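Overview (structure and organization)
In case you want the letters, here they are:
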Amino acid sequence: MQQITVGMTFVVVILALVAIMMQLKKNKMKWQGQSFSIVLTALFVAVSIVLAQFRIYIPLFGFPSVRFSLSEVPIVLTGVLLGGIYGAMAGFASDIISFILVPAGAYHFGFTLNLILVGFIPGVIMKFIKEDKIKVSFDKLNKILGGIALIGALIYINFIGIKELDEVGKIGGVPVNIALSLIMILLIIGLGFIIYKLKQLYSGNEGLYSIDQLLFIMCVNYIVANLVLTPIWILQLYNVPMLASIAVRIFKSLVDVPLQVVVIYTVIHAIPVSMREKRI
């Protein structure tokens with residue numbers, strides 16, 4: 001049943017893409033038109049629903065509490081490109097429709113609120129950036145946040161989560177906490193290198209959507225939705241201690257945030273500058 005639902009949603013996404021391209025070709029739908037914004041929001045919602053079916057869960061205290069997925073990427077794109085209101089609408093619709101089509105556990109409005117904010121926050125921050133109301137060094141802020149996340153992740157691996165990790169034993173003859181620490185550092189270096197190369201590739205053509213700004217937006221999103229709100233909802237549903245829930249999500253952020261930024265940055269810069277700069 002789940003495969004059929006995903007397949008049907010995928011077909012809807014393809015049909016929506018074809019419809020948009022046909023309308024653009026006929027010049028009946030403008031990039032700044034409200035109709036186009038609504039159609040594009042619906043498309044992003046459909047893509048998010050499909051991506052939500054491809055997820056990996058990490059158990060915490062016996063419950064599937066930590067999820068790796070790219071389903072938030074289309075919601076963030078909606079907020080960044082179309083504004084916070086459309087982003088919030090996309091987040092709400094995506095969560096509700098996903099739960100109706102393919103429910104995964106008990107419903108909790110907190111997770112719907114998370115996705116609403118995931119779409120709303122990028123739109124608000126991009127609006128402030130466009131109006132030049134944020135006068136900070138995004139690069140420095142990102143390095144500070146990244147350093148804090150790295151320290152937090154190492155603390156989780158080697159201290160807080162060590163009991164659960166010990167059950168795994170060893171990886172290639174190396175204690176699991178040391179192996180995971182090394183793997184995590186290598187992943188960060190790899191993703192950091194990809195971000196650096198993308199920054200070089202689009203140097204001078206970034207416009208409003210620089211990789212430093214997008215990285216900052218994703219960090220704020222992650223802090224609000226994943227580090228502040230989600231541990232509260234997980235505590236209410238599964239009685240998982242908030243400290244453990246926050247710590248494992250700090251570890252998750254070191255892969256999750258850079259990976260999503262790479263995808264979002266690549267998609268945005270596939271759009272011609274003349275089109276994407278008119279948004280918001």
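Above this text is the structure in question.
A short tour of the structure in this document, coming up. (Residues numbered from 1 in each chain as written. Predicted model: local features only at pLDDT ≥ 70, side-chain atom pairs only at ≥ 80, totals over all residues. Heavy atoms only, no water.)

1. What about helix 2 (residues 34-52)?
The line we're drawing: By definition, any uninterrupted DSSP run of H or I lasting at least four residues is a helix, any uninterrupted run of E lasting at least two residues is a strand, and each is numbered from the N terminus. A helix's residues, less one, multiplied by 1.5 Å, set its expected span. The rule is simple: take the accessible area with a 1.4 Å probe, protein chains only, and divide by the maximum for that residue type; under 20% is buried, over 50% is exposed, in between is partly exposed.
The end-to-end C-alpha distance of helix 2, which contains 19 residues, comes to 27 Å, matching closely the 27 Å that a straight helix rising 1.5 Å per residue would cover. For helix 2, the set of buried residues is Phe-36, Ser-37, Leu-40, Thr-41, Leu-43, Phe-44, Val-45, Ala-46, Ser-48, Ile-49, Val-50 and Ala-52.

2. Regarding the packing of helix 3 (residues 72-82) against helix 10 (residues 242-268)
Threshold: Lines fitted to the C-alpha atoms define the axes, with helices restricted to the stretch that makes contact. Angles between their N-to-C directions range from 0 to 180 degrees. With respect to orientation, any angle under 35 degrees is reported as roughly parallel, any angle over 145 as roughly antiparallel, any angle of 65 to 115 as roughly perpendicular, and every other angle as oblique. Handedness of a crossing is defined here by the sense of rotation of the near helix relative to the far one, left-handed for an anticlockwise turn of less than a right angle and right-handed for a clockwise turn. Here, residues are in contact when the closest pair of their heavy atoms is within 4.5 Å. Ten residues, namely Ala, Val, Leu, Ile, Met, Phe, Trp, Tyr, Cys and Pro, are considered nonpolar, four, namely Asp, Glu, Lys and Arg, are considered charged, and the remaining ones, Gly among them, are considered polar.
At their nearest, the axes of helix 3 and helix 10 sit 10 Å apart, and the two run at 50° to each other. The orientation of helix 3 relative to helix 10 falls into the category oblique. Considering only the axes of helix 3 and helix 10, their crossing is right-handed. Contacts between helix 3 and helix 10 involve Glu-72, Val-73, Val-76, Leu-77, Val-80 and Leu-81 from the former and Gln-260, Val-263, Ile-264, Val-267 and Ile-268 from the latter. Looking at side-chain class alone, the contact of helix 3 with helix 10 contains nine nonpolar, one polar and one charged residues.

3. Comments concerning empty space enclosed by the protein
A probe as big as a water molecule, rolled over the atoms, marks out the empty space that is left. Which entries qualify depends on this criterion: Cavity and pocket criteria rest on a 1 Å grid covering protein atoms alone: a 1.4 Å probe that fits but cannot get out defines a cavity, protein on both sides within 12 Å along at least 5 of 7 lines defines an open pocket, and an atom within 4 Å of a point defines a lining residue. Grid points are joined across faces, edges and corners, and a volume is the space filled by probe spheres set on the points.
Going through the model one piece at a time under the given rule, you end up with one cavity of 30 Å³ or more. Roughly 60 Å³ of volume is contained in the largest cavity. Of all the secondary-structure elements, those providing two or more residues to the lining of the largest cavity are helix 3, helix 9 (211-238) and helix 10. Per-element tally for the lining of the largest cavity: the top contributor is helix 9, with four residues. Split by residue class, the lining of the largest cavity holds five nonpolar, three polar and two charged.

4. Focus on the environment of Asn-226
Its place among the elements puts Asn-226 in helix 9. Between the C-alpha atoms of Asn-226 and Asn-114, which are 112 residues apart in sequence, the distance is 8.1 Å. The contacts of Asn-226, once residues within four sequence positions are left out, are Asn-221, Pro-231, Arg-249 and Lys-252.

5. Some points on the nonpolar core
What counts is decided by this rule: In this description, a nonpolar core means a group of buried Ala, Val, Leu, Ile, Met, Phe, Trp, Tyr and Cys residues linked to one another through side-chain atoms lying within 4.5 Å.
Membership of the largest hydrophobic core comes to 54 residues, with the highest contact counts inside it found for Leu-81, Ile-264 and Ile-268. Of all the elements in the fold, those that place two or more residues in this core are helix 2, helix 3, helix 4 (84-101), helix 5 (109-130), helix 6 (138-160), helix 8 (176-201), helix 9 and helix 10. A per-element tally of this core places helix 10 first, with eleven residues. When near neighbours in sequence (up to four residues on either side) are disregarded, Ile-264 contacts Val-73, Val-76, Leu-77, Leu-214 and Met-218.

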